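So the chains spell out like this:
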Amino acid sequence: MRDSSKVMEVCPQCDLPNGTLSPFCADCGKMLVISSSEKKVFDYPITELKGIDNNLITKLKKDNIDTTIKLLGRGNTQIKRKSLSERLGLPEILLSRYINQCDLVRVDGLDPYYANLLDNIGVPSVSTLSRKQPKDILTAISQKKPALHSRSIFIFPEEKLIKKWIDDAKVIEKVVT
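Below, the structure is looked at part by part.

What counts and how
- Residues numbered from 1 in each chain as written.
- Predicted model: local features only at pLDDT ≥ 70, side-chain atom pairs only at ≥ 80, totals over all residues.
- Heavy atoms only, no water.
- Phe/Tyr/Trp six-rings, centres within 6.5 Å; stacked < 30°, edge-to-face > 60°.
- Buried < 20%, exposed > 50% of the residue type's maximum accessible area, 1.4 Å probe, protein only.
- Core = buried A, V, L, I, M, F, W, Y, C linked by side-chain atoms within 4.5 Å.
- Helix = DSSP H or I, 4+ residues; strand = E, 2+ residues; numbered from the N terminus.
- Contact = heavy atoms within 4.5 Å.
- Salt bridge = Lys/Arg side-chain N within 4 Å of Asp/Glu carboxyl O.

1. Focus: the packing of aromatic side chains
Each aromatic ring pair is characterised by the separation of its centres together with the angle its planes make.
Phase 1: Across all of its chains, the model carries 2 aromatic pairs by this definition.
Phase 2: Consider the rings of Tyr113 and Tyr114, whose centres lie 5.5 Å apart with planes at 75 degrees: the pair is edge-to-face.
Phase 3: Taking the relative accessible area as the measure of exposure, Tyr114 reaches 14% and is therefore buried.

2. What to know about the nonpolar core
Phase 1: Of all hydrophobic cores here, the largest spans 24 residues; its most connected members are Leu110, Leu118, Ile121, Leu129, Ile137 and Trp165.
Phase 2: Taken together, the elements giving at least two residues each to this core come down to α5 (112–120), α6 (126–130), α7 (134–143) and α9 (159–171).
Phase 3: Setting aside chain neighbours within four positions, we find Leu118 in contact with Leu104, Leu110, Val123, Pro124, Leu129, Ile137 and Trp165.
Phase 4: By size, the runner-up hydrophobic cluster in this structure holds 19 residues, among which are Leu56, Ile69, Leu90 and Ile99.

3. Structural notes on α5
Phase 1: Among the 9 residues in α5, 8 count as buried, and that is most of the element.
Phase 2: Taken together, the buried positions of α5 are Pro112, Tyr114, Ala115, Asn116, Leu117, Leu118, Asp119 and Asn120.
Phase 3: Turning to α5, the residues buried within the fold contact α4 (92–104), α6, α7, α8 (145–150) and α9.
Phase 4: Following α5 by one or two positions, Gly122 has its phi on the positive side, about 90 degrees.

4. Focus on the environment of Ile166
Phase 1: Relative to the helices and strands, Ile166 is located in helix α9.
Phase 2: When the C-alpha positions of Ile166 and Val107 are compared, they lie 8.6 Å apart, and in sequence the two are 59 residues distant.
Phase 3: Once residues within four sequence positions are removed from consideration, Ile166 is found in contact with Leu129, Ser130, Lys132, Gln133, Pro134 and Ile137.

5. Comments concerning helix α2 (residues 68–75)
Phase 1: Among the 8 residues of α2, 6 are classified as buried, and the element is accordingly described as predominantly covered.
Phase 2: Among the residues making up α2, those that are buried are Thr68, Ile69, Leu71, Leu72, Gly73 and Gly75.
Phase 3: Structurally, α2 contributes buried residues whose contacts are with α1 (54–62), α3 (78–88) and α4.

6. Overview of the side chain of Asp103
Phase 1: Here Asp103 shows up in helix α4.
Phase 2: According to the relative accessible area criterion, Asp103 is buried, its value standing at 5%.

7. Thoughts on the pattern of salt bridges
Phase 1: Counted under the stated rule, the structure contains 9 salt bridges.
Phase 2: For the salt bridge of Arg74 with Asp63, the shortest nitrogen-to-oxygen distance reads 2.8 Å. On the criterion of sequence distance, the pair formed by Arg74 in helix α2 and Asp63 in the loop between α1 and α2 is long-range, its members being 11 residues apart.
Phase 3: As a salt-bridge pair, Lys70 and Asp66 come within 3.1 Å of each other at their nearest N and O atoms.
Phase 4: For Lys70, a relative accessible area of 28% translates into the label partly exposed.
Phase 5: Classification of Asp66 as partly exposed rests on a relative accessible area of 33%.
Phase 6: Connected through shared salt-bridge partners, Asp63, Arg74 and Arg87 make up one network.

Shown next as structure tokens:
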């Protein structure tokens, strides 16, 4: 069930009312969910997602998707992901992976680099992150360091930061179904 206190009633970008308390503006697609306990909305250029190639970036931009929030808004449900996957000619499972990374970067202090790190250690989504313990994540990082290094992942978070992510993931509004 959606917590309506975390959904904006008016789109700050186009000033349209959000009568249905949807997580995205029906007109401009802006996210209308206050994304974290810090009351911030985190958005990054789509080019900052790790593992996304230039061909896909070009296709996304042609479809007017140039930020993580726009990709999240266009693929936050199974039906939207299927449609977008077909339009882009991209396997739905790969598209889901990018969308989950877009969702992860809504967590306070978690940028695309760390979203990629989490995905590579088996923590692909906000809901998975919310069920983890910091020590579990640190253990997974330690066990997978050679594989992470081979993917140019060399900087690792401290336990205190991981705890902050997990705490935020527990309270963040769920938008991916």
